[in-house]
Amino acid sequence: MICDFCYRHCDVLPERLGFCGRREIRDGTLADAGYGEVVAFAVDPVEKKPLYHFLPGTRTVSIAMAGCNFACDFCQNWQIAQERFLRGDFLSPESVVRYAREHHHPSVSYTYSEPLVWQDYMLETAALARREGLRNIMVSNGGFSKEALARIVPMIDAYNIDLKGDETFYSTICHGSLAPVLDGLDALISAGAHVEVTTMLIEGIHTEQMVESLGTMLMDIGAQVWHLSRFFPQYRMIGRQATSEGFLEHALEVARHCGVPFVYPGNSSLVAETRCPACGSVVRTASGQTVPGGVCLHCGTHIYGVWS
Ligand code: SF4
């Protein structure tokens, strides 16, 4: 049976799992091999997703089940994302939403591993969260299928999507593909969703030209916020050096030159404040204090984002 949860469209065979390790045939239909078995639960500052232009200063209830539709050699969450048979304790969508409500957190985040591969659980939780007045955040590698986009776009309020590298990078290091990610980003931005993009830079692999080319792609589809973060050795790249602050600083200059309005460092001690693109005034300090309503106090320019 063909799974349409992501761009891979795996043909899932009886008594086998799809590429992600989550989808199986049960009672003649496709189902999640461990529905609701949450392997990570935390309350994070929303800036940790990272989202700098969405409800800044708030905390978000963050959950994950195991699995991913990519297999990146540098995976920073490989213990849960790349583990194909990891089981967890059952946590119902109702209890996730109840927890967020009782602790006055305004959003639920589907994050850490790849929510696309457990999207039935994500969508059920998101529907309940929305009914309770909460927002929904998805942190994803962006390897959507068209069918998944049609289901997800109406339910999720904000996204952080990875744009990892060029096609060669995707095929050789991520065992994935660039095209569905670009199509997905384009579709989300065109639909008016709040979107921030992250690229983790690996010194010695990402080049100035690659950063430039990614910046051009982002400008073409109208992306507003781009986080460039430092790589730290993990998983199959445990032997590499961490990306230096100097390399990141230069990449940030290149990225800003491309014209993406808001560019930020991640996993770094570099300052990550927000400046008004029109007059240059600080509208969000590095500690997260933001001007009321997301409007520049100096020149009145509306800053991209969801501020309350
Ligand atoms: S979610 Fe993606 S990787 Fe997993 S079975 Fe479905 S199509 Fe395959």
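Up top is the structure.
For clarity, every value in this text was computed on a predicted model and none was experimentally measured.

Student: Run through the overall build of the protein, naming residues and quoting values.
Tutor: Assigned secondary structure in the protein consists of 8 helices and 14 strands. Since a compact globule built from 308 residues should have a radius of gyration of about 19 Å, the 19 Å found for the protein is in line with a globular shape. With respect to the three principal axes, the spread of C-alpha positions in the protein is 60 × 45 × 30 Å. The burial tally for the protein puts 52% of its 308 residues in the buried class. Within the protein, contacts between residues at least 6 apart in sequence are counted, and of these 65% link residues at least 24 apart. Only carbon and sulfur atoms are counted for the fraction: they give 53% of the accessible area of the protein, which is about 13,000 Å². Looking at charge distribution, the protein has the averaged site of its 24 positive side-chain charges lying 4 Å from that of its 34 negative ones.

Student: Describe in detail the site of the ligand, supporting the description with residues and values.
Tutor: Around the ligand, the neighbouring residues are C3, F5, C6, R8, H9, C10, G18, F19, C20, R23, N69 and V117. Here the residues of the shell around the ligand sort into 7 nonpolar, 3 polar and 2 charged.

Student: With reference to specific residues and values, describe the sheet that holds strand β7 (residues 107-110).
Tutor: Within the open sheet, the 8 strands sit side by side as β4-β5-β7-β8-β9-β10-β11-β12. Their pairing is mixed. Both edges of this open sheet fall to β4 (40-45) and β12 (262-266), since each of them pairs with a single strand only. Sheet twist, expressed as the mean angle between neighbouring strand axes with direction ignored, is 20 degrees. Lying over the sheet, helix α6 (residues 178-190) contacts β9 (158-162) and β10 (194-201), oriented at roughly 160 degrees with respect to β9.

Student: Let's hear about the packing of helix α7 (residues 208-221) against helix α8 (residues 245-258): which residues, and what values?
Tutor: For any two helices packed against each other, one specifies the inter-axial angle together with the distance between the axes. Here α7 crosses α8 at 35 degrees, and the two axes come no closer than 9 Å. For the crossing formed where α7 meets α8, the hand is right-handed. Residues E208, V211, E212, G215, T216 and M219 of α7 pack against H250, A251, V254, A255 and C258 of α8. Of the residues in the contact of α7 with α8, the class split is 6 nonpolar, 3 polar and 2 charged.

Student: Let's hear about the packing of aromatic side chains: which residues, and what values?
Tutor: Summed over the entire model, instances satisfying the criterion amount to 7 aromatic pairs. Between F70 and Y170 the ring centres are 6.0 Å apart and the planes differ by 80 degrees, which places this aromatic pair in the edge-to-face class. With F70 in the loop between β5 (59-64) and α1 (78-81) and Y170 in helix α5 (residues 167-174), the pair connects residues that are 100 residues apart, well separated along the chain. Per residue, the accessibility class of F70 equals that of Y170, and both read buried. Pairing F74 with F169 gives two aromatic rings, centres 5.8 Å apart and planes at 45 degrees, and the pair type is tilted. Note that F74 is positioned in the loop between β5 and α1 and F169 in helix α5, a separation of 95 residues in sequence. Taken individually, F74 and F169 each receive the classification buried, so the pair is uniform in this respect. A connected cluster of aromatic rings, assembled from ring pairs, spans Y7, F70 and Y170.

Student: Help me get a handle on the nonpolar core, residues and values and all.
Tutor: Counting 72 residues, the largest nonpolar core has F74, I152, Y159, L218, W226 and L228 as the members making the most contacts within it. The residues contacting L228, other than those within four sequence positions of it, are T199, L201, L248, A251, L252, A255, V263, Y264, P265 and G266. Counting 11 residues, the second largest nonpolar core, distinct from the first, contains Y52, F262, C276 and C296.

Student: I'd like to hear about the pairing of β12, residue by residue, with values.
Tutor: Most of β12 sits inside the fold, with 5 of its 5 residues counted as buried. Where burial is concerned, the two faces of β12 agree: the one with F262, Y264 and G266 and the one with V263 and P265 are both buried. As paired strands, strand β11 (residues 225-230) and β12 are joined by 5 bridges and run parallel to one another. Directly across from S229, in β12, lies its bridge partner G266.

Student: Explain the pattern of salt bridges to me, and be specific about the residues and the numbers.
Tutor: According to the stated counting rule, one finds 13 salt bridges in the structure shown. Close ionic contact of R87 with E37 constitutes a salt bridge, the shortest N to O distance being 2.8 Å. Here the residue R87 occupies a position in the loop between α1 and β6 (89-90), and E37 occupies one in strand β3 (residues 37-38), the gap between them amounting to 50 residues. Residue classification places R87 among the exposed positions, given a relative accessible area of 52%. With relative accessibility at 17%, the residue E37 sits in the buried group. Across the pair R236 and D73 runs a salt bridge, and its minimum N-O distance is 2.7 Å. In this pair, R236 is assigned in the loop between β11 and α8 and D73 in the loop between β5 and α1, connecting sequence segments 163 residues apart. Look at D73 and you get buried, because its relative accessible area is 16%. Here the salt bridges share partners, and the residues they tie into one network are D44, K48 and K49.

About the thresholds
- Residues numbered from 1 in each chain as written.
- Predicted model: local features only at pLDDT ≥ 70, side-chain atom pairs only at ≥ 80, totals over all residues.
- Heavy atoms only, no water.
- Helix = DSSP H or I, 4+ residues; strand = E, 2+ residues; numbered from the N terminus.
- Rg over C-alpha atoms; globule rule 2.2 N^0.38 Å.
- Buried < 20%, exposed > 50% of the residue type's maximum accessible area, 1.4 Å probe, protein only.
- Contact = heavy atoms within 4.5 Å.
- Areas by Shrake-Rupley, 256 points an atom, 1.4 Å probe, with all protein chains shown as cover.
- Lys, Arg positive; Asp, Glu negative; His and termini not counted.
- Charge placed at Lys NZ, Arg CZ, Asp CG, Glu CD.
- Near = heavy atom within 4 Å.
- Nonpolar A, V, L, I, M, F, W, Y, C, P; charged D, E, K, R; others polar.
- Pairing = 2+ DSSP bridges.
- Axes fitted to C-alpha atoms, helices over the stretch in contact; angles between N-to-C directions.
- Left-handed = near helix turned anticlockwise from the far one by under 90°.
- Phe/Tyr/Trp six-rings, centres within 6.5 Å; stacked < 30°, edge-to-face > 60°.
- Core = buried A, V, L, I, M, F, W, Y, C linked by side-chain atoms within 4.5 Å.
- Salt bridge = Lys/Arg side-chain N within 4 Å of Asp/Glu carboxyl O.

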